[in-house]
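Coordinate analysis (summary)
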Amino acid sequence: MSFSLSINVLIDNASTMITIVSIVASVLLVFLGIVIDKSKHENEIVRQVVKEIFITITLNIIYALIFIALIVVAPLLQEIQYLNNAIVGATGYLIVKFVINILMVIKRIYKIIEAD
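What comes next concerns the included structure. Per chain, the residues get numbers from 1 upward, laid out in the order the sequence is written. Where local features are concerned, this predicted model is filtered to residues with pLDDT of at least 70; where side-chain atom pairs are given and counted, the filter is 80 or more; whole-chain, interface and lining totals use all residues. Hydrogens and water molecules were not included; the side-chain quantities draw on all heavy atoms of the structure.

1. Overview of a nonpolar patch on the surface
To keep things clear, this is the line we draw: Each patch is built from salt-bridge-free residues with over 30% relative accessible area, joining like charges within 9 Å and nonpolar side chains (Val, Leu, Ile, Met, Phe, Trp, Tyr) within 5 Å. Only the protein chains shown count as covering a residue, and every accessible area follows the Shrake-Rupley method with a 1.4 Å probe. Whenever a carboxyl oxygen of Asp or Glu lies within 4 Å of a side-chain nitrogen of Lys or Arg, that contact is scored as a salt bridge. Secondary structure elements follow DSSP: runs of H or I of four or more residues count as helices, runs of E of two or more count as strands, with numbering from the N terminus. With a 1.4 Å probe rolled over the protein chains alone, any residue whose accessible area is under 20% of its type maximum counts as buried; one over 50% counts as exposed, and the rest are partly exposed.
Residues Ile 95, Val 99, Leu 103 and Ile 106 make up a contiguous nonpolar surface patch of roughly 340 Å² in combined accessible area. Relative to the helices and strands, Ile 106 resides in helix α4 (residues 81-115). With relative accessibility at 47%, the residue Ile 106 sits in the partly exposed group.

2. Section: the packing of helix α2 (residues 14-37) against α4
The test is simple: In this analysis an axis means a line fitted to C-alpha atoms, helices contributing only their contacting stretch, and an angle means the value between N-to-C directions, from 0 to 180 degrees. Oblique is the label for every angle not falling under 35 degrees (roughly parallel), over 145 degrees (roughly antiparallel), or within 65 to 115 degrees (roughly perpendicular). Take the far helix as the reference: if the near one is turned anticlockwise from it by less than a right angle, the crossing is left-handed, and if turned clockwise, right-handed. When checking whether two residues touch, look at their non-hydrogen atoms; a contact exists if any pair is within 4.5 Å. In this count, Pro and Cys sit with the nonpolar residues alongside Ala, Val, Leu, Ile, Met, Phe, Trp and Tyr, while Asp, Glu, Lys and Arg are called charged and the others, Gly among them, polar.
In the contact formed by α2 and α4, the axes pass within 12 Å of each other and the chain directions differ by 30°. Classified by the angle their axes make, α2 and α4 are roughly parallel. Both α2 and α4 take part in a crossing whose hand is left-handed. For the pair formed by α2 and α4, the contact residues are Val 21, Val 24, Ala 25, Leu 28 and Phe 31 on the first element and Ile 95, Phe 98, Ile 102, Val 105 and Ile 109 on the second. Among the residues forming the contact of α2 with α4, the class breakdown is ten nonpolar, no polar and no charged.

3. Focus: the pattern of salt bridges
When the charged atoms of two side chains with opposite charge come close together, those side chains can pair. Enumeration according to the criterion identifies two salt bridges in this entry. Note that Arg 47 is salt-bridged to Glu 44, the shortest N-O span being 2.4 Å. Highlighted residues: Arg 47 and Glu 44, both in helix α3 (residues 44-73), separated by three residues, approximately one helical turn. The exposure class of Glu 44 is partly exposed, given its relative accessible area of 47%. A salt bridge links Glu 52 to Arg 108; the nearest nitrogen and oxygen atoms lie 3.4 Å apart. Highlighted residues: Glu 52 in helix α3 and Arg 108 in helix α4, separated in sequence by 56 residues. Take Glu 52: its relative accessible area is 29%, and that puts it in the partly exposed class.

4. Considering α3
An α-helical turn contains 3.6 residues, so any two residues separated by three or four positions project in the same direction. Rules: Each helix should span, by expectation, one fewer than its residue count multiplied by 1.5 Å. N or O atoms within 3.5 Å of each other form a polar contact, as long as, within protein, one can give a hydrogen and the other can take it, and as long as residues adjacent in sequence are counted only when both atoms are side-chain atoms.
End to end, α3 covers 44 Å across 30 residues, agreeing with the expected 44 Å (1.5 Å per residue, within 8%). With a side-chain oxygen lying 3.1 Å from the backbone nitrogen of Ile 45, the N-terminal cap of α3 falls on Asn 43.

5. Quick word on the side chain of Asn 101
Within the secondary structure, Asn 101 sits in helix α4. If we ignore the near neighbours within four places in the chain, the residues touching Asn 101 are Thr 56, Leu 59, Asn 60 and Tyr 63.

Next up, the structure:
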C-alpha cells in the first residue's frame, strides 16, 4: 500500500480524513461515557466487557490522534522520499486498526445491550 499510493493523495484529502476520524473519535468518547455508566452493573460478564470496551476505545482515540498528527506532518516531509512511503504505510495501518477496533466496540456494546 505504501508503494502504490502517493503521498499527494494523502495530502490532497487531508481535511476530509481528519474530519471523519475526528467525528468518529468524538462518537467513541460518547460511547466511553455510556460505558463508564455501565461499569457498576451487577453482572460480572458486563463488567468484564466494560473493561474491554474502555481499553479498546482508549486505544482507538490514541490511534486517531497519531493518525491526525501524521496527516498534519505529511506536507512538511513531502520532499523526503523514504519518509513518504513510511507515512503512507503508517496511516494505512492506523486506518485499518481504527476500523477493526470500531467493529470490536460495536460488537461489545451489543453484548452489553444483550445482557440487560
